[in-house]
Amino acid sequence: MPSDSVPVGIHDLTFRTTSLQLTHAELAGHTGVPLAKYHRGIGQKAMSIPAPDEDVVTMAADAAAAVVGRHGADRIRTLVFATETSIDQAKAGGLYVHSLLGLPPHIRVVELKQACYGATAALQFATALVHRDPDQQVLVLASDIARYDLDSPGEPTQGAAAAAFLVTARPALLEIDTPSGVFTREVMDFWRPNYRTTALVDGRASIDAYLHALTGAFGDYRRRGGATLRDIHTICYHQPFTRMAHKAHHHLLQQAGLPAGPQDIAAALAPTTTYNELLGNSYTASLYVALAALLDSGTPLDGETVGLFSYGSGSVAEFLTATVRPGYRDHLRTEAHHAAVTDRRPVGYAAYRDLHGSGLPTDGSRYATAASTPGPYRLAGIRDHRRLYETNGPAAGPTAATTGTATDRGVPGEGEGGGG
Ligand code: CAA
């Protein structure tokens, strides 16, 4: 039976990232760009860099395993994998996660794309599914690796992360409010043709498009009866670089005729940027990493309304609010989040450029990735155009591999390819 009266929202939220990081201090030391431009101009201090055996699937599986480990999978009927770093034109990346985690077969798995907006579409679709049947749960995985050309203006805004959140009835963290405001406009501000591994972007146009979409989505939200800015405790913005959130908040406050001083804006948004300033852009995961940062920040939010602004270049945007559930702090994963950020190993500039330039073969040849990640899942290699995933560490072994393709563990051990 459809149930509009049951509150639906985010019951659990976590994120994971890669095992390597490049600091902007290291980058600035080689590019000659003043470090202040990175730290203050774009608001970034470090960026996550994938090891050779990490990708959107391994990050997402790591995040998903935490959620499934806490809540089980019995009631999950849908898994949505939101990404713009897709590893296959046909097969959903979520299927590899489904296999790695040994999830039950009675789950529909799909992949969703609209640049950095994909996960928010997934949240709204998930909310509708749970309203239709409050016994069901939806697992949303948002996983992306932001890559721009070396020496391009976008380079310091690279990054990577995967967020996992469970959408349920009577959630422990946040109830998703109605209404929401949406805004769509076709624009070439940022895109990545299928034949490219790095994004193309018109940087300044993308900032203007983001702000234009914010005006449009927030206006739609207000016209549909949404809260005023004064009634919203804190807004989490999509953070391609954290200074973008400051520009966005300034823009909204100015349009509403409210005071918009830089110090007040910095103070208001600081709880939302602590993770992203160290992870870099994680595209569709970024907003949910910002939300995790806010919840983890120690700011008391019980019963408060928080805003979420999602922007996906191209462009689709949505402004929505959520009500934080009393007692939410008992359900956070603050320690794991700090560990994900601080456990990353620093890479030097030369190693970073090597990693950036490396890629997987596209001709079907066998390839074994260098064993690097300490994470629980790894991309072992490629064979016959198939990605081979496996569990990592002591549990790994011929009987422990969980993907259909990774059971063929002869490939990594054969010493072909290697490196990253
Ligand atoms: N000290 C302090 N600040 C400094 C400085 C210094 N020494 N030198 C420069 N700055 C400031 C500049 O004044 C500027 O600030 P304002 O924007 O407030 O004017 C800022 O640092 C950036 O410097 P530039 O204007 O010289 O810009 P850039 O050529 O370095 O490019 C960028 C910046 C356009 C954001 C570029 O990094 C880029 O193209 N990034 C990728 C695109 C992107 O992230 N777009 C965001 C909207 S699209 C979106 O959100 C979707 C998505 O995820 C991609």
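Residues numbered from 1 in each chain as written. Predicted model: local features only at pLDDT ≥ 70, side-chain atom pairs only at ≥ 80, totals over all residues. Heavy atoms only, no water.

Trainee: Can you help me understand the pairing of strand β17 (residues 377-383) in this one?
Mentor: Regular strands have side chains that alternate between both faces of the sheet. In terms of burial, β17 is a largely internal element, seven of the seven residues being buried. The pairing of strand β16 (residues 367-368) with β17 spans two bridges and is antiparallel. When the bridges of β17 are listed, Ala368 appears paired with Gly381. Hairpin connection of β17 to strand β18 (residues 386-391): two residues between the antiparallel strands, including Asp384 at a positive phi of 50°. (Buried < 20%, exposed > 50% of the residue type's maximum accessible area, 1.4 Å probe, protein only. Helix = DSSP H or I, 4+ residues; strand = E, 2+ residues; numbered from the N terminus. Pairing = 2+ DSSP bridges.)

Trainee: What's the story with the UniProt feature "domain: Hydroxymethylglutaryl-coenzyme A synthase C-terminal" (unreviewed entry) in the protein in this structure? I'm lost.
Mentor: Those places that UniProt annotates as "domain: Hydroxymethylglutaryl-coenzyme A synthase C-terminal" (unreviewed entry) correspond, in this numbering, to residues 180-253 and 270-326. With 45% helix and 16% strand, the stretch residues 180-253 has end C-alpha atoms that lie 19 Å from each other. (UniProt positions renumbered as here; feature names shortened; annotations may be inferred.)

Trainee: Explanation requested: the packing of aromatic side chains in the structure shown.
Mentor: Summed over all chains, the structure comprises 12 aromatic pairs. Between Phe15 and Tyr275 the ring centres are 5.0 Å apart and the planes differ by 55°, which places this aromatic pair in the tilted class. Residue Phe15 is found in strand β1 (residues 8-16), and its partner Tyr275 is found in the loop between α8 (262-273) and α9 (276-279); the two are separated by 260 residues along the sequence. When sorted by exposure, Phe15 lands in the same class as Tyr275, which is buried. When the ring of Phe218 is compared with that of Tyr221, the centres are 5.8 Å apart and the planes differ by 35°; the resulting orientation is tilted. (Phe/Tyr/Trp six-rings, centres within 6.5 Å; stacked < 30°, edge-to-face > 60°.)

Trainee: Explanation requested: the pairing of strand β14 (residues 316-324) in the structure shown.
Mentor: Taking burial as the measure, the nine residues of β14 include eight buried ones, the bulk of the element. With eight bridges joining them, strand β13 (residues 305-312) and β14 adopt antiparallel strand pairing. Paired with Thr305 across the two strands is Thr323, which belongs to β14. Hairpin remark: β13 followed by β14, antiparallel, with three residues in the connecting loop; positive phi at Gly314, about 120°.

Trainee: Is there a simple way to explain the UniProt feature "domain: Hydroxymethylglutaryl-coenzyme A synthase N-terminal" (unreviewed entry) in the protein in this structure?
Mentor: Sequence positions flagged by UniProt for "domain: Hydroxymethylglutaryl-coenzyme A synthase N-terminal" (unreviewed entry) are, in local numbering, residues 8-168. Here residues 8-168 is 34% helix and 30% strand, with 6 Å between the C-alpha atoms at its ends.

Trainee: For this particular structure, what's the right way to read the site of the ligand?
Mentor: What surrounds the ligand is a group of 25 residues, the closest being Lys37, Pro153, Arg204, Ser206 and Lys247. Within the side chain of Ser206, an N or O atom sits 2.7 Å from a nitrogen atom of the ligand. Taking Lys247, its side chain carries an N or O atom lying 2.5 Å from an oxygen atom of the ligand. Calculation on the ligand without its partners gives an accessible area of 1100 Å², and the protein chains cover 74% of this total. At the level of secondary structure, the elements contributing two or more residues to the shell around the ligand comprise α2 (35-42), α6 (203-223) and α7 (242-255). A total of five residues in the shell around the ligand trace back to one element, the largest contributor, which is α6. (Near = heavy atom within 4 Å. Polar contact = N/O pair within 3.5 Å; in protein donor to acceptor, adjacent residues only side chain to side chain. Areas by Shrake-Rupley, 256 points an atom, 1.4 Å probe, with all protein chains shown as cover.)

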